[in-house]
Structures are given as structure tokens and as C-alpha cells.
Amino acid sequence: MNTILDTPQSLNGISITGVTNSRLSTIDMDNIPFGRIFSDHMLVADCIDGEWQAPEIVPYGALNFTPAMSALNYGQSIFEGMKAYKRPDGAPVFFRIMDNHKRMNLSATRMCMPQIPESIFINGIKTLIELDRQWLPSGDQGALYVRPLLFATDDYIGVKSSDNYKFVVFTCPVGAYYTKPVNLLATKEFVRASVGGTGAAKAAGNYAAAMMPDKMAKSKGYNNILWLDGKDHQYIEECGTMNVFFVIGDTVLTPRLTGTILQGITRNSVLRLLKDNGYKVEERPISIYEIEAAYNEGMLRDAFGTGTAASIAPINKIGFAGKDMQLPDVADRKVSTWLSDTLNGIKYGQITDPYGWMSEA
Ligand SMILES: Cc1ncc(COP(=O)(O)O)c(C=O)c1O
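Note that the coordinates shown come from a computational prediction; the quantities given were computed from them, not determined experimentally.

A short note on the overall build of the protein chain
Stage number 1. Helix and strand counts for the protein chain stand at 7 helices and 22 strands.
Stage number 2. Scaling as 2.2 N^0.38, a compact globule of 361 residues should have a C-alpha radius of gyration of about 21 Å, and the protein chain matches this with 21 Å.
Stage number 3. Burial statistics for the protein chain: of 361 residues in total, 44% are counted as buried.

Re the site of the ligand
Stage number 1. Near the ligand there are 13 residues, and of these Gly-264, Ile-265, Thr-266, Gly-307 and Thr-308 occur at the shortest range.
Stage number 2. For the shell around the ligand, the secondary-structure elements that each account for two or more residues are α5 (265-276) and β19 (300-307).
Stage number 3. The biggest single contributor to the shell around the ligand is α5, with 3 residues.
Stage number 4. Among the residues forming the shell around the ligand, the class breakdown is 3 nonpolar, 8 polar and 2 charged.

Details of the pairing of strand β14 (residues 224-228)
Stage number 1. Of all the 5 residues making up β14, 5 are buried; the element is thus mostly covered by neighbouring parts of the structure.
Stage number 2. Here strand β13 (residues 182-186) pairs with β14 via 3 bridges, running parallel. Within the sheet, the bridge partner assigned to Leu-184 lies in β14 and is Asn-224.
Stage number 3. Strand direction decides the pairing type here: β14 and strand β15 (residues 236-239), joined by 2 bridges, are antiparallel. Looking across to β15, one finds that Leu-226 is bridged to Cys-239.

Side note on the nonpolar core
Stage number 1. Ranked by internal contacts, the top residues of the largest apolar core, which has 46 residues, are Ile-78, Ala-84, Leu-144, Leu-150, Phe-167 and Val-169.
Stage number 2. For this core, the secondary structure elements donating two or more residues are β5 (41-48), β9 (82-86), β10 (92-95), α2 (97-110), α3 (118-131), β11 (143-152) and β12 (164-174).
Stage number 3. Those residues in contact with Val-169 that lie beyond four places of it in its chain are Met-42, Leu-43, Gly-124, Ile-125, Leu-128, Val-146, Arg-147 and Pro-148.
Stage number 4. One finds Ala-210, Trp-227, Ile-286 and Ala-310 within the second-largest nonpolar core, a separate group that totals 44 residues.

Describing the packing of α5 against helix α7 (residues 334-347)
Stage number 1. Between α5 and α7, the least distance of the axes is 11 Å, while the angle of their chain directions is 110°. Between α5 and α7, the angle is such that the two are roughly perpendicular. Taken together, the residues of α7 that come into contact with α5 (itself represented by Ser-269, Val-270 and Leu-273) are Leu-339, Thr-342 and Leu-343.
Stage number 2. Each residue belonging to the contact of α5 with α7 can be placed in one class, and the counts come to 4 nonpolar, 2 polar and no charged.

Thoughts on unusual backbone geometry
Residues other than glycine predominantly adopt negative phi, and peptide bonds predominantly adopt the trans conformation.
Stage number 1. Not every positive phi belongs to a glycine, and Cys-112 is a case in point at roughly 60°.
Stage number 2. By the element assignment, Cys-112 lies in the loop between α2 and α3.
Stage number 3. Judged by the 11 C-beta atoms lying within 10 Å of it, Cys-112 falls in the exposed class.
Stage number 4. At Ser-311, a position not held by glycine, the phi torsion is positive, near 60°.
Stage number 5. Structurally, the position occupied by Ser-311 is in strand β20 (residues 311-320).
Stage number 6. Judged by the 22 C-beta atoms lying within 10 Å of it, Ser-311 is buried.

Observations concerning the pairing of β9
Stage number 1. Of all 5 residues in β9, 5 are buried; the element is thus mostly enclosed.
Stage number 2. Burial of the side chains of β9 extends over both faces: Met-82, Ala-84 and Lys-86 are buried on one face and Lys-83 and Tyr-85 on the other.
Stage number 3. Pairing of β9 with β11, which is carried by 3 bridges, proceeds in the antiparallel orientation. Among the inter-strand pairings, Ala-84 is bridged to a residue of β11, identified as Leu-144.

Digging into α7
Stage number 1. With 14 residues, α7 extends 20 Å from end C-alpha to end C-alpha; this agrees with the ideal 20 Å at 1.5 Å per step.
Stage number 2. All of the buried residues in α7 are Val-335, Ser-336, Leu-339, Leu-343, Ile-346 and Lys-347. One side of α7 carries all its buried residues, which in axial view fall inside an arc of 105°.
Stage number 3. Following α7 by one or two positions, Gly-349 has its phi on the positive side, about 75°.

Overview of the domain arrangement of the protein chain
Frequently, the measure chosen for interface size is the accessible area that the parts lose on association.
Stage number 1. For the protein chain, the assigned domains are domain 1 (3-174) and domain 2 (182-347).
Stage number 2. On a C-alpha basis, the centres of domain 1 and domain 2 stand 28 Å from each other.
Stage number 3. At the interface, 18 residues of domain 1 touch 11 residues of domain 2.
Stage number 4. Residue assignment for the side of domain 1 that touches domain 2 shows that the elements contributing at least two residues are β8 (77-79), β9 and α2.
Stage number 5. Take the side of domain 1 that touches domain 2: its biggest share by element is 6 residues, from α2.
Stage number 6. Split by residue class, the side of domain 1 that touches domain 2 holds 7 nonpolar, 5 polar and 6 charged.

Observations regarding the packing of α2 against α3
Stage number 1. Between α2 and α3, whose axes approach to 11 Å, the crossing angle comes to 140°. Considered as vectors, α2 and α3 are oriented oblique to each other. Crossing handedness for the pair α2 and α3: right-handed. For the pair α2 and α3, contact is made by Ile-97, His-101 and Met-104 and by Glu-118, Phe-121, Ile-122 and Ile-125, respectively.
Stage number 2. Grouping the amino acids of the contact of α2 with α3 by side-chain chemistry returns 5 nonpolar, 1 polar and 1 charged.

Thresholds, definitions, all that
- Residues numbered from 1 in each chain as written.
- Predicted model: local features only at pLDDT ≥ 70, side-chain atom pairs only at ≥ 80, totals over all residues.
- Helix = DSSP H or I, 4+ residues; strand = E, 2+ residues; numbered from the N terminus.
- Rg over C-alpha atoms; globule rule 2.2 N^0.38 Å.
- Buried ≥ 20, exposed ≤ 12 C-beta atoms within 10 Å, placed from the backbone.
- Near = placed C-beta within 6 Å.
- Nonpolar A, V, L, I, M, F, W, Y, C, P; charged D, E, K, R; others polar.
- Pairing = 2+ DSSP bridges.
- Core = buried A, V, L, I, M, F, W, Y, C linked by C-beta atoms within 7 Å.
- Contact = placed C-beta atoms within 7 Å.
- Axes fitted to C-alpha atoms, helices over the stretch in contact; angles between N-to-C directions.
- Parallel < 35°, antiparallel > 145°, perpendicular 65-115°, else oblique.
- Expected span 1.5 Å × (residues − 1).
- Arc of directions from axis to C-beta.
- Domains from an automatic or database assignment.
- Left-handed = near helix turned anticlockwise from the far one by under 90°.

This is how it looks when you write it as C-alpha cells:
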């Protein structure tokens, strides 16, 4: 049975064409496959010859375009990923949404695309989530995943940046991204990004280029590639959707930002939490051989990924050069367990947020 809605015609200054029948009651919110269920509405705004048009909220659904559309042919397409969480009083709250806005505009600069004004990004997302707030799942890992997307819409064959763009935001109710600790494969065979390239941008093409190596990793029983740098093929970068951290002895290590990896918002939050709570932290180049040596000496105590989708994801094993490095039992991981409890506590309003990370947008 669909729920019949009485949607306002505008909210926070944004015009709304609402669905008449919500799909919500047809969804089993206790069993949501990640990224496959979409809420009722989406936000759409066009940028025409550099001028942003008024955003609108419309029913989630197909867009109209031709095969000549520039984004399809030349890949001018960037996106973001963030989550809205349900506060104990039921209100939707965002985690560091301003940082997602900033990063989207950094991606836009690198890909020669227009900046998205705060009034469209922040007010648009806030309004969309207000309208679809019933789609916010409950549960200890439930959230509404928010996907802002900007792509080139010129119908033009020829390599040049587009004159016209579409900004779309849609949302998915989600639960856990990984249900088990992850297995990563480090390989010298493929490279995700190089200095001067687009690694730090959340550009669609970065993910397309990673698919074949990731598929190879999956065929060997790993979840993802653990990317190594493009020059020396030994310094650890990140994995498909997460930044990575290692605990060697009592030091927490993560690769520094060199322009080849995404400036993860979870990464930045984790660094802040660790530093403010007296952990020894180093942001520096980390060779896969250093990890291998630490493992052989019994000093590799913990390894985990950080990201919006996965939050804090313990790494189970790392494959490299035909051998697996098996990490300790998750129950014995003090650092990632503490981080996971603390970060999730802040996101779900169970722990006071001392940083002003949570906001109603
Ligand atoms: C390639 C890549 N690295 C790292 C991350 C983690 O970034 P964040 O913590 O901002 O989600 C993501 C996810 O957005 C990603 O796609």
C-alpha cells in the first residue's frame, strides 16, 4: 500500500512538485540493500551559461538527455556523499555538511565546472531531507545517504568544458556498507591516481578506472584494492571508498594528503579525535614494505578504513605479493573500536558533539 501525501508546494523558498503516492510503505526498512532504494524526491538545479537557475524539488525519477550529452562522452561529472542521521528526538541532522560543500566545489574547480552556491547546496539538501524525513531509517547504523551530483549537459561532440550543467541531489535510506571486516589487496599492477591528476577530486572517472582492478581483487576473495602510489608503486594511498589508517606499536599512521587521495571528511574527523585524546598520530608516506615489516615483527595492531558509507571499517587482512597479512581479532582492536564508538556516538546524538560537526544544515 502506498501512502498518499499532502506535500507543500514550496518549502524554504524552493518550489516542490510532490509525489502523490509515497513508495515508503512498500520498503522493508529493516533489510535495505545499500544504494538501491531511493526516496520519493530529488532536487534539481540547472546552471546555464554560468547562471544558476532556481532549484526545484520533483519526484525521484528519470532525467531527459541525449546520447550527445557531454558528461556521458567526456566524463565531466562529480559527486559527493554524506549522510543525514536521525537524532534521538527524530530530527534529521547532518555530519559536517559544509565540508562536503567545500569539497564538491574543489572537485568542480579541478574538473573545470561551475561552483555550486551555498544557497543551492545547503538549503536544497536541507529542504529535500525535510520533505523526505520519513525515509530516515532508525537502527544503530541506519542513515539517509545523500548523493549530490553535478554533470555537464551540453549536447556537443568535441572535447571542451560544457556551458551547461545539472546539479541533482537524491537520497537512499541505508544500513551498514560492510557487514564484515574487509579484505584488501595491495598490488603494483594498477594505479588509481598520480601527482597532478584528479585523485583528490570526487570525479566519476576515478571510480570507473578503479572498477577493473577492484573486480580482479574480488575474484581473488578481497573486497577492494589497497591502492599504492603511481610513482614508486609502494606508498599506500587509500582504498576504493575509504581512507586508511594503521596502528604500528602505539602510533597511528595514515597517508598524508598529496593531491592523489580524497581528503576524507571521516579521515579528518578521526585525526582530530585521535590527536585530542592523546594518541600518537603521524600523517606521512607509508610504504607497504613498512606494513609488511611491522606485521612480521608482530607490531601491526590495527588497520581500518574511514569513510561516510563505511564509517570505521576494520581491515581483516591485507594481501600483498602473494601473502596475506592477517590482522588481530576485531575484539582486540582498541583504536578502531574506540573511534567507531565515539564517532557513531556523536553522529547519533548519544555523545555530546564538542566540535560542532552535527547540524540541522
Ligand atoms: C576514494 C575515496 N576515498 C575516501 C573516501 C572517504 O571520504 P569521506 O570520509 O569524506 O566519506 C571516499 C568516500 O567518499 C572515497 O570515495
